[in-house]
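So you can see what is in the structure, the chains are spelled out below.
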Amino acid sequence: MKMILRRYMPVITLSVLMSAPVIAAPDLANGKSIDQQKCYACHAKKSGFGNGDMIYTRSDSKVKSLANLKRMVGLCNSELRLDLFPEDEADVVAYLNQQFYKFKP
(Lines give C-alpha, C1' and ligand atoms only; values in the text may rest on other atoms or scores of the structure.)
Protein backbone atom coordinates (compact mmCIF):
# COMPACT_ATOMS: atom_id res chain seq x y z
CA MET A 1 0.00 0.00 0.00
CA LYS A 2 2.82 2.43 0.86
CA MET A 3 4.52 1.67 -2.42
CA ILE A 4 1.36 2.47 -4.38
CA LEU A 5 0.82 5.68 -2.43
CA ARG A 6 4.40 6.82 -3.00
CA ARG A 7 4.19 6.01 -6.65
CA TYR A 8 0.96 7.94 -7.29
CA MET A 9 1.38 10.79 -4.80
CA PRO A 10 2.86 13.22 -7.38
CA VAL A 11 -0.03 12.50 -9.75
CA ILE A 12 -2.59 12.99 -6.99
CA THR A 13 -0.94 16.23 -5.85
CA LEU A 14 -0.80 17.59 -9.37
CA SER A 15 -4.45 16.71 -9.96
CA VAL A 16 -5.52 18.52 -6.81
CA LEU A 17 -3.50 21.61 -7.69
CA MET A 18 -4.84 21.73 -11.22
CA SER A 19 -8.44 21.43 -10.08
CA ALA A 20 -8.12 24.28 -7.56
CA PRO A 21 -9.82 27.48 -8.75
CA VAL A 22 -7.50 30.15 -10.03
CA ILE A 23 -8.17 33.59 -8.62
CA ALA A 24 -6.98 36.14 -11.11
CA ALA A 25 -6.58 39.81 -10.43
CA PRO A 26 -9.27 41.94 -12.04
CA ASP A 27 -8.47 43.35 -15.47
CA LEU A 28 -9.09 47.10 -15.13
CA ALA A 29 -8.66 47.75 -18.86
CA ASN A 30 -11.34 45.16 -19.63
CA GLY A 31 -13.60 46.70 -16.97
CA LYS A 32 -13.17 50.15 -18.51
CA SER A 33 -13.82 48.82 -22.01
CA ILE A 34 -17.02 47.06 -20.91
CA ASP A 35 -18.18 50.18 -19.05
CA GLN A 36 -17.65 52.31 -22.15
CA GLN A 37 -19.26 49.81 -24.53
CA LYS A 38 -22.19 48.51 -22.50
CA CYS A 39 -22.86 50.89 -19.61
CA TYR A 40 -22.01 54.49 -20.51
CA ALA A 41 -24.76 55.20 -23.07
CA CYS A 42 -27.52 53.82 -20.84
CA HIS A 43 -26.23 55.74 -17.85
CA ALA A 44 -25.87 58.93 -19.91
CA LYS A 45 -29.52 58.64 -20.92
CA LYS A 46 -30.59 57.83 -17.38
CA SER A 47 -28.70 60.80 -15.89
CA GLY A 48 -30.49 63.20 -18.23
CA PHE A 49 -27.29 65.16 -18.84
CA GLY A 50 -25.66 63.00 -21.50
CA ASN A 51 -22.81 62.07 -19.15
CA GLY A 52 -22.76 58.40 -18.18
CA ASP A 53 -20.20 58.96 -15.41
CA MET A 54 -22.57 61.22 -13.47
CA ILE A 55 -24.56 58.23 -12.28
CA TYR A 56 -21.51 57.06 -10.33
CA THR A 57 -20.78 60.41 -8.69
CA ARG A 58 -24.24 61.74 -7.87
CA SER A 59 -24.97 62.72 -4.29
CA ASP A 60 -27.96 60.38 -3.95
CA SER A 61 -26.01 57.31 -5.09
CA LYS A 62 -27.58 53.97 -4.26
CA VAL A 63 -24.14 52.36 -4.05
CA LYS A 64 -22.79 52.64 -0.51
CA SER A 65 -20.38 49.68 -0.31
CA LEU A 66 -18.27 47.35 -2.43
CA ALA A 67 -20.79 44.56 -1.85
CA ASN A 68 -23.58 46.85 -3.06
CA LEU A 69 -21.54 47.80 -6.14
CA LYS A 70 -21.12 44.10 -6.97
CA ARG A 71 -24.88 43.58 -6.62
CA MET A 72 -25.69 46.56 -8.85
CA VAL A 73 -23.31 45.44 -11.61
CA GLY A 74 -24.79 41.93 -11.41
CA LEU A 75 -28.31 43.36 -11.54
CA CYS A 76 -27.54 45.44 -14.63
CA ASN A 77 -25.95 42.42 -16.27
CA SER A 78 -28.92 40.15 -15.68
CA GLU A 79 -31.76 42.66 -16.15
CA LEU A 80 -30.32 44.22 -19.30
CA ARG A 81 -29.00 40.91 -20.65
CA LEU A 82 -25.48 42.25 -21.13
CA ASP A 83 -24.10 38.69 -21.36
CA LEU A 84 -21.12 39.38 -19.11
CA PHE A 85 -19.20 36.49 -17.60
CA PRO A 86 -18.57 36.60 -13.83
CA GLU A 87 -14.97 37.61 -14.57
CA ASP A 88 -16.23 40.53 -16.66
CA GLU A 89 -18.51 41.64 -13.82
CA ALA A 90 -15.52 41.52 -11.46
CA ASP A 91 -13.49 43.61 -13.92
CA VAL A 92 -16.25 46.24 -14.17
CA VAL A 93 -16.61 46.36 -10.37
CA ALA A 94 -12.84 46.78 -9.94
CA TYR A 95 -12.70 49.53 -12.57
CA LEU A 96 -15.68 51.45 -11.17
CA ASN A 97 -14.38 51.13 -7.64
CA GLN A 98 -10.92 52.38 -8.59
CA GLN A 99 -12.21 55.18 -10.82
CA PHE A 100 -15.17 56.46 -8.81
CA TYR A 101 -16.06 54.81 -5.50
CA LYS A 102 -12.77 54.01 -3.73
CA PHE A 103 -14.30 51.43 -1.35
CA LYS A 104 -11.87 49.43 0.78
CA PRO A 105 -11.91 45.66 0.08
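See above for the structure.
Right, let's walk through the structure included here.

Under the definition given, this model contains four aromatic pairs. On the numbers, 6.3 Å between centres and 75 degrees between planes, the contact of Tyr56 with Tyr101 is edge-to-face. Linking Tyr56 in helix α3 (residues 54-57) with Tyr101 in helix α5 (residues 86-101), this pair joins segments that are 45 residues apart in sequence. Both rings, one in Tyr95 and one in Phe100, keep their centres 6.5 Å apart while their planes meet at 85 degrees; by these two values the pair is edge-to-face. Relative accessible area serves as the criterion here: at 8%, Tyr95 is assigned to the buried category.

A word on the environment of Ile34. By secondary structure assignment, the location of Ile34 is in helix α2 (residues 28-47). Excluding residues that lie within four positions of it along the chain, Ile34 makes contacts with Cys39, Leu84, Asp88 and Val92.

One pass over the structure, following the stated rule, counts one salt bridge. One salt bridge in this structure joins Asp60 and Arg58, with 3.3 Å as the shortest N-O distance. By relative accessible area, which is 31% here, Arg58 ends up partly exposed.

What follows is about the side chain of Asn97. In this structure, Asn97 sits in helix α5. By relative accessible area, which is 12% here, Asn97 ends up buried. Apart from residues no more than four positions distant in its own chain, Asn97 is found in contact with Leu66, Leu69, Lys102 and Phe103.

Before going further, it helps to spend a moment on the environment of Gly31. Locating Gly31 in the fold gives a position in helix α2. C-alpha separation for the pair Gly31 and Glu87, spaced 56 residues apart in sequence, amounts to 9.5 Å. When neighbours within four sequence positions are excluded, Gly31 is seen to be in contact with Asp91, Val92 and Tyr95.

Grouped together as the largest cluster of nonpolar side chains are 15 residues, with contacts concentrated most on Tyr56, Leu69, Val73, Val92, Val93, Leu96 and Tyr101. Of all the elements in the fold, those that place two or more residues in this core are α2, α3, α4 (66-79) and α5. When residues in this core are grouped by element, the largest group, five residues, is from α5. In contact with Val92, other than residues within four places in its own chain, are Gly31, Ile34 and Val73.

Turning next to the packing of α4 against α5. Closest axis-to-axis distance for the α4/α5 pair is 10 Å, and the angle between their directions is 130 degrees. One finds that α4 runs oblique with respect to α5. In this structure, α4 crosses over α5, and the sense of that crossing is right-handed. Contacts from Leu66, Leu69, Lys70, Val73, Gly74 and Asn77 of α4 reach α5 at Glu89, Val92, Val93, Leu96, Asn97 and Tyr101. Here the residues of the contact of α4 with α5 are counted per class, giving seven nonpolar, three polar and two charged.

Cut-offs used in this document
- In this numbering scheme, every chain counts its residues from 1 along its sequence in written order.
- Where totals are concerned, whole chains, interfaces and linings use all residues; where local detail is concerned, this predicted model gives features only for residues with pLDDT of at least 70, and gives and counts side-chain atom pairs only at 80 or more.
- Only heavy atoms go into the side-chain values, all of them from the structure, while hydrogens and water stay out.
- By convention, a stacked pair of Phe, Tyr or Trp rings (six-membered ring in the case of Trp) has centres within 6.5 Å and planes under 30 degrees apart, an edge-to-face pair has planes over 60 apart, and any other such pair is tilted.
- Helix numbers and strand numbers start at the N terminus; a helix is a DSSP run of H or I with at least 4 residues, a strand a run of E with at least 2.
- The buried label applies to any residue whose accessible area, calculated with a 1.4 Å probe on protein chains only, is under 20% of its type's maximum; exposed applies above 50%, and partly exposed to all values in between.
- Whether two residues touch is decided by their heavy atoms; if any such pair falls within 4.5 Å, the residues are in contact.
- Counted as salt bridges are all cases of a side-chain nitrogen of Lys or Arg within 4 Å of a carboxyl oxygen of Asp or Glu.
- For our purposes a nonpolar core is just a set of buried Ala, Val, Leu, Ile, Met, Phe, Trp, Tyr and Cys residues, chained together by side-chain atoms within 4.5 Å.
- Between N-to-C directions, angles cover 0 to 180 degrees, with each direction set by a line fitted to C-alpha atoms, over the stretch in contact for helices.
- Each angle gets one of four labels, with under 35 degrees taken as roughly parallel, over 145 as roughly antiparallel, 65 to 115 as roughly perpendicular, and the rest as oblique.
- Take the far helix as your reference; a near helix turned counterclockwise from it by less than a right angle gives a left-handed crossing, and one turned clockwise gives a right-handed crossing.
- Classification convention: Asp, Glu, Lys, Arg as charged; Ala, Val, Leu, Ile, Met, Phe, Trp, Tyr, Cys, Pro as nonpolar; all other residues, Gly among them, as polar.

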